[in-house]
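Chain by chain, the residues run as shown.
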Amino acid sequence: MTYIEDIEISDSPKTHAEIYLQNVEITEKYRTQLFQWVETYLDENTLENIIAYKKSADWDHPFESIRSEAEKDLELTTLYASRGEQYNIDLMVFEGNLLVFFNEVLSKAKEHLNEKIVAH
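The present account deals with the structure reproduced in this document. (Residues numbered from 1 in each chain as written. Predicted model: local features only at pLDDT ≥ 70, side-chain atom pairs only at ≥ 80, totals over all residues. Heavy atoms only, no water.)

**Side note on the environment of N49**
Inspection of the secondary structure puts N49 in helix α3 (residues 44-56). Distance from N49 to A109, taken between C-alpha atoms, is 9.6 Å for residues 60 residues apart in sequence. (Helix = DSSP H or I, 4+ residues; strand = E, 2+ residues; numbered from the N terminus.)

If you want it as structure tokens, here you go:
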């Protein structure tokens, strides 16, 4: 079993992030923005829909585009954080973990979409 910040990760990265966000002491604006980021980028179904849209819109590199958007959107969430939250090392580590989780979910979504293509 993997542990991050004393929380066992037995569920999805999305669930882990939501549990952390429910229990960490941060401002509500920042929490809301982080929850929105998690709902968008740590949900495999949402990512699959975004990938499908980008592929249908003739994007050359949909996965790199999504990765770039996720990073930028996470950076923008800090605009809602207080000054203390922006420099809080625990929150910086959590945000880094979010990007690791995102890459994991993106890889799974990519594999799942490839399986769907092969099945057709």
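**Regarding a nonpolar patch on the surface**
Together, Y87, I89, M92 and V93 make up a nonpolar patch on the protein surface, roughly 410 Å² of accessible area in all. The residue M92 is located in helix α6 (residues 89-119) in this model. (Patch = residues over 30% accessible without salt bridge, like charges linked within 9 Å, V, L, I, M, F, W, Y side chains within 5 Å. Areas by Shrake-Rupley, 256 points an atom, 1.4 Å probe, with all protein chains shown as cover. Salt bridge = Lys/Arg side-chain N within 4 Å of Asp/Glu carboxyl O.)

**So, the side chain of E95**
Along the chain, the position of E95 falls in helix α6. Buried charge E95 goes without a salt bridge, the closest partner of opposite sign being R31 at 12 Å. Leave out the neighbours within four places in its chain, and E95 touches Y30, L74, T77 and T78. (Buried < 20%, exposed > 50% of the residue type's maximum accessible area, 1.4 Å probe, protein only. Lys, Arg positive; Asp, Glu negative; His and termini not counted. Contact = heavy atoms within 4.5 Å.)

**Some details on the packing of helix α2 (residues 28-41) against α3**
At a minimum axis distance of 6 Å, the contact between α2 and α3 shows a crossing angle of 65°. The orientation of α2 relative to α3 falls into the category roughly perpendicular. Across the interface between the two elements, E39, T40 and Y41 from α2 touch T46, L47 and I50 from α3. Classifying every residue of the contact of α2 with α3 by side-chain character gives 3 nonpolar, 2 polar and 1 charged. (Axes fitted to C-alpha atoms, helices over the stretch in contact; angles between N-to-C directions. Parallel < 35°, antiparallel > 145°, perpendicular 65-115°, else oblique. Nonpolar A, V, L, I, M, F, W, Y, C, P; charged D, E, K, R; others polar.)

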